[in-house]
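The lines below spell out each chain.
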Amino acid sequence: MGGKIWQGTLEKIDDYRWRIPKTYKQGMRVPGIIYANDKLLKDIRNDQALEQVANVAFLPGILKASLAMPDSHWGYGFCIGGVAATDIEESGVISPGGVGYDINCLSPDTKIKMQHGYYLTIADLEDKWDHLNTECIDFREAKEKTVNIERFIKIKPRNKVYKIITEAGDEIISTEDHPFWTPDGMLKVRYLSKGSKIAISPFMGSKYEKPSSEIVLNESSIKNLSIKLNKDHIIKELKKRKLLPLSADSPKLPFILKLMGYHMGDGTMYITKGKGTVWFYGQPRELELIREDILSIGYTPSRIYERERRHRIITSYDTYEFTQKEYSIKVVSRSFLSLLFALGVPMGKKAYQDYAVPQWIFGLKRWQKRLFLAGLFDAELSSPKSLYNYNFYAPCLSMNKIESFIDNGIDFIKSIVSLLGEFGIKTQKIGRRKEYRNKEGYISYRLRLVISSDLDNMVNFYSLLGFEYNLRKKNTANLVLQYLKLKKKVIQERMTTEEVAIQLYKEGIKPQEIYEKLSSRWINKRFLERSIFEGRETSSRVAFNFPHFMEYKKEATEGIKDSCYLWEKIASLKEVEYEDFVYDLTVNHPSHNFIANNFVVSNCGVRLVRTNLSFDEVKTKLENLTTLLFQDVPAGVGSKGEIRVSKREEKQILIKGARWAIEKGFGSEEDLAHTEENGEMQGADPSFVSDRAFERGKAQSGTLGSGNHFMEIQMIEEIYDETVASRLNLFKGQISLMIHSGSRGFGYQVCDDYIKNLMPALNKYNIQIPDRQLVCAPVNSAEGKSYLAAMRCAANYAWANRQCLMYLARKVFEKVFNKSYSALGMNLIYDVAHNIAKVEKHKVEGREKTLCVHRKGATRAFGPGHPALPSDYKDIGQPVIIPGDMGRNSYLLVGTQKAMEETFGSTCHGAGRLKSRHEAMKNYNASELVKELRNKGIIVMASTRGTITEEAPGAYKDVNDVVDVVDKVGIAKKVCRMRPLGVIKG
């Protein structure tokens with residue numbers, strides 16, 4: 001789908017227009033039209049943009065043609081620079097992919113941690129993602145949360161692909177744009193390097209296997225219970241909760257397995273006066289989690305009870321008395337008690353009776369067995385504990401039985417040993433010890449099962465089994481596991497190095513050369529000497545400089561006390577050759593992340609401002625002006641502004657757009673008159689916006705953002721149309737300010753939400769499209785109206801954002817020049833969106849129609865006389881602002897009547913990418929670029945060096961060529977050309 005398949009396919013219309021015929025693909029409703037000269041077409045052919053132009057031609061209701069501007073390049077769904085209009089009256093559709101969207105992805109074998117402690121590869125999720133839940137980290141509470149997957153993405157990578165390896169040996173393959181959680185927030189791979197800290201959640205569990213449909217509990221099981229309760233009523237209650245019949249593939253079984261395991265360790269249940277009561281004991285945090293699981297299967301647990309309990313224990317040495325706080329919850333329900341009892345949970349005092357691991361559990365899949373074991377371990381397994389050096393106490397499972405039931409206790413533990421064996425976990429011989437005589441006179445024995453403390457065994461145990469409810473044990477186990485993985489890796493490295501050293505010595509290599517060749521962080525000269533000359537009676541151990549566990553813990557948990565994740569350092573980050581598909585997920589949670597291979601990973605428009613200032617007035621203050629703009633205007637990945645709003649006030653932004661900013665004192669009414677839609681798109685409805693979008697937008701009002709977003713001090717260096725320039729009060733040598741920013745994370749999230757939300761509409765309305773990235777719905781459908789209302793909120797957010805940015809910039813100019821912005825003539829020429837879908841009226845074949853016009857990386861270019869234009873621009877046409885790159889020019893144009901006739905009043909929006917970000921980073925050096933641009937009189941300041949290389953002038957098409965095409969074809973007319981002087985980048 002690069003250039004070759006288009007040889008002979010494109011039809012040349014004239015020097016600036018090319019056609020993809022409808023016959024290219026069966027199902028195309030209209031042809032594709034590309035605006036480009038020979039030079040630009042060559043660049044476009046080396047991209048998948050042309051294939052996307054053809055795919056857009058499949059959209060229901062599309063009219064005239066699928067259009068691509070000369071700055072076109074590959075995007076999500078639509079190419080960037082794509083324009084398409086659909087007939088609303090004829091079931092025309094609206095598509096989020098036609099507004100704007102970017103994705104970042106992982107390799108297909110990446111393991112995704114799912115609900116219930118199992119994993120699936122991300123590729124395996126392709127046909128089941130919409131009915132499974134995954135796990136994400138809630139950064140506010142520093143604990144895992146179960147979340148549903150809102151969207152699944154599968155594409156061929158467009159960016160550079162890296163392999164990341166941590167010091168403990170965790171590996172992941174990711175595109176360069178995929179964000180990872182770091183101490184500085186979510187950072188894309190391209191901003192990471194060797195030694196960077198990233199978040200790891202070490203436990204991954206067992207691979208998912210689909211359970212059988214075998215029945216594990218039926219009506220006869222309840223009817224045969226040896227309890228004096230109304231069995232018919234119990235059956236009715238269980239059926240009402242979809243717990244009868246209960247099969248191995250029931251969605252409620254995983255919760256029941258955890259509860260059963262825990263209750264066998266720290267619970268009791270009994271019947272009094274025909275009432276069933278089930279108690280669970282533990283600490284408040286684990287009891288809260290247990291409460292959630294009880295609610296998940298349809299029962300209502302009590303609040304958490306707290307009481308002081310007095311204990312008296314008589315041993316052969318002494319009598320001990322003490323008090324302690326006891327926390328508990330209860331469920332008062334005959335059917336809940338009957339459910340657990342029928343499944344094998346004992347009633348009454350467990351030390352005084354026979355019971356077993358229920359036989360039906362042995363027939364389940366391994367991940368289901370783990371849930372039962374993890375619940376039991378929450379209650380009865382010892383906490384991971386360090387010996388304050390490199391080693392740990394072996395985990396121990398304890399069980400109390402009075403003397404007459406010891407054999408039953410041993411059988412129970414043997415069943416646990418059998419289950420552990422399925423996970424490859426080794427154990428020691430079962431131990432027993434006489435404990436004390438209780439108040440009834442019975443002698444109590446403690447049975448003990450010790451997990452082997454062999455390094456590999458401990459790594460497997462904490463990797464595969466772990467805990468569920470006990471967060472203290474769970475978090476500590478994660479730390480111990482990651483530490484043991486590091487220890488194991490270091491020992492393996494030392495053993496391998498020892499063998500290499502011995503072999504090199506045998507081959508005649510001098511010892512000093514071996515020392516120089518093989519020495520590393522964990523390998524010193526003394527180790528190599530002993531390996532070569534003394535030999536070893538035992539296998540290699542950790543290095544003398546290997547950290548003790550408590551040292552490791554301090555560094556791994558810095559700033560995240562008592563958390564379910566920890567910091568790990570990158571040992572290697574290298575680009576890899578990659579030909580396969582890549583994948584991504586979107587999850588429904590404000591923290592917006594999921595756990596992949598143990599790593600915690602996540603997921604505009606432009607305005608031009610004139611001044612009265614000339615270059616001569618600014619040149620001596622340019623450095624100071626650029627520096628202050630960089631300091632006072634928030635920019636960069638995740639940047640947050642001084643203009644903070646509540647969720648309630650954010651809703652006002654979404655409804656009022658730039659008018660909200662004006663009402664807050666961030667500009668004037670004149671600004672609104674020179675903003676597309678007066679900065680306030682009607683029909684915006686915040687009720688159709690997700691909480692996640694609100695969360696992402698709340699702190700980003702008045703922020704520039706990253707990537708190709710910028711604020712640029714410019715000088716007009718060429719005037720092409722003196723009449724129009726004069727009407728706009730523009731002159732040669734004049735200073736202007738251009739602001740390129742959008743709706744930030746808010747708009748991204750709206751698009752992300754609706755790409756998932758609209759998926760069912762494809763089947764509902766029988767829409768056939770060649771690429772699911774073009775997901776869409778009829779504009780007049782409930783789904784289409786919802787998206788349109790949400791997208792209008794994003795547009796209003798963007799206009800408000802750029803208004804706030806202009807306000808911040810005006811304040812800087814006032815500070816530098818000691819004049820008000822009005823005295824400086826800092827008036828808005830125009831603000832126009834270039835990622836939007838709008839309902840507009842256009843003439844098609846002589847008849848006015850109401851259309852939904854998608855402009856994805858394209859700019860509205862209404863001609864003279866259009867009623868949507870400000871009164872002072874009606875005779876000249878709409879100002880069209882075309883930014884270039886930071887080393888070349890930008891342009892101001894005006895719309896034309898020909899654009900109205902040919903492109904639905906649309907034109908290009910910028911230079912358009914020529915090289916991907918990874919190519920740019922590979923080919924350019926940030927320091928050299930800054931120096932080169934400064935030699936041209938351009939000052940550049942950016943939040944990161946990576947942004948500078950990504951946005952290198954050579955990474956973009958020449959904007960002069962792009963503008964030349966639209967000017968000569970007549971869909972926009974050049975007014976003036978500006979060159980950059982001071983550039984602020986995110």
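Residues numbered from 1 in each chain as written. Predicted model: local features only at pLDDT ≥ 70, side-chain atom pairs only at ≥ 80, totals over all residues. Heavy atoms only, no water.

Peer 1: Honestly, the nonpolar core in this entry has me stumped. Any pointers?
Peer 2: A general feature of soluble globular proteins is that nonpolar side chains tend to end up buried together. Ranked by internal contacts, the top residues of the largest apolar core, which has 129 residues, are Leu125, Phe280, Phe372, Ile416 and Leu420. With ten residues, the single largest contributor to this core is helix α11 (residues 471–506). The residues contacting phenylalanine 372, other than those within four sequence positions of it, are Leu257, Met260, Gly261, Met264, Val357, Ile361, Ile416 and Leu419. Val93, Ala684, Ala858 and Phe904 belong to the second largest nonpolar core, which has 104 residues in total. (Core = buried A, V, L, I, M, F, W, Y, C linked by side-chain atoms within 4.5 Å. Buried < 20%, exposed > 50% of the residue type's maximum accessible area, 1.4 Å probe, protein only. Helix = DSSP H or I, 4+ residues; strand = E, 2+ residues; numbered from the N terminus. Contact = heavy atoms within 4.5 Å.)

Peer 1: I keep staring at the pattern of salt bridges and nothing clicks. Help me out?
Peer 2: Pairs may arise between side chains of opposite charge once their charged atoms sit close together. Overall, the coordinates contain 56 salt bridges when judged by the stated rule. With a closest N to O distance of 3.3 Å, glutamate 558 and lysine 197 form a salt bridge. Remark: lysine 197 occurs in strand β15 (residues 197–200) and glutamate 558 occurs in the loop between α14 (549–556) and β26 (566–575); sequence separation between them is 361 residues. If you follow the salt bridges from partner to partner, you end up with Lys258, Asp293, Arg370 and Glu468 in one network. (Salt bridge = Lys/Arg side-chain N within 4 Å of Asp/Glu carboxyl O.)

Peer 1: Would you take a moment to explain the packing of aromatic side chains for this structure?
Peer 2: For any pair of aromatic rings, geometry is given as the distance between the ring centres together with the angle between the planes. By the definition in use, this model includes 26 aromatic pairs. When the ring of tyrosine 355 is compared with that of phenylalanine 412, the centres are 5.4 Å apart and the planes differ by 65°; the resulting orientation is edge-to-face. Within this pair, whereas tyrosine 355 is found in the loop between α7 (334–343) and α8 (366–380), its partner phenylalanine 412 is found in helix α9 (residues 406–421), the two being separated by 57 residues in sequence. We note that tyrosine 355, like phenylalanine 412, is buried. It is lysine 349 that lies over the ring of tyrosine 352; its NZ or CZ is 5.4 Å from the centre. (Phe/Tyr/Trp six-rings, centres within 6.5 Å; stacked < 30°, edge-to-face > 60°. Lys NZ or Arg CZ within 6 Å of the ring centre and 35° of its normal.)

Peer 1: How should I be thinking about the environment of valine 965 in this particular structure?
Peer 2: Among the secondary structure elements, valine 965 is positioned in helix α29 (residues 959–969). Among the residues examined, valine 965 registers a relative accessible area of 0% and is labelled buried. Contacts of valine 965, omitting those with residues within four sequence positions, involve Tyr16, Tyr35, Ala36, Asn37, Leu40 and Pro70.

Peer 1: Help me understand α14, please; the structure alone is not making it clear to me.
Peer 2: In an α-helix, one full turn covers 3.6 residues, which means residues spaced three or four apart are oriented alike. Among the residues making up α14, those that are buried are Phe549, Tyr552 and Ala556. Down the axis of α14, the buried side of the element spans an arc of 60°, and every buried residue falls inside it. Buried residues along α14 sit against α11 and β26. (Arc of directions from axis to C-beta.)

Peer 1: Please clarify how α7 should be interpreted in this entry.
Peer 2: In terms of burial, α7 is largely enclosed, as seven of its ten residues are buried. Among the residues of α7, Ser335, Phe336, Leu337, Ser338, Leu339, Leu340 and Leu343 are the ones counted as buried. Of the residues flanking the end of α7, it is glycine 344, one or two places downstream, whose phi is positive at about 120°.

Peer 1: Mind showing me how you'd approach the state of the cysteines here?
Peer 2: In protein structure, a disulfide is the covalent linkage between the sulfur atoms of two cysteines. The full count for this structure, using the stated rule, is zero disulfides. Between cysteine 79, a cysteine without a disulfide, and cysteine 908, which holds the nearest cysteine sulfur, the sulfur-to-sulfur distance is 13 Å. Residue class for cysteine 79 comes out buried when judged on its relative accessible area of 3%. Cysteine 136 provides the cysteine sulfur closest to cysteine 564, a residue in no disulfide bond, and the two sulfurs are 9.1 Å apart. (Disulfide = S-S within 2.5 Å.)

Peer 1: Would you explain the packing of α11 against α14 in this entry?
Peer 2: Think of two packed helices as two axes; the pair is described by the angle between the axes and how far apart they sit. Viewed as axis vectors pointing N to C, α11 and α14 meet at an angle of 115°, and their least axial separation amounts to 11 Å. Judged by the inter-axis angle, α11 sits roughly perpendicular to α14. For the pair α11 and α14, the crossing hand works out as right-handed. Here α11 contributes Leu479, Val480, Gln482, Tyr483 and Leu486 to the contact with α14, which in turn contributes Phe549, Tyr552, Lys553 and Ala556. Residue composition of the contact of α11 with α14, by class: seven nonpolar, one polar and one charged. (Axes fitted to C-alpha atoms, helices over the stretch in contact; angles between N-to-C directions. Parallel < 35°, antiparallel > 145°, perpendicular 65-115°, else oblique. Left-handed = near helix turned anticlockwise from the far one by under 90°. Nonpolar A, V, L, I, M, F, W, Y, C, P; charged D, E, K, R; others polar.)

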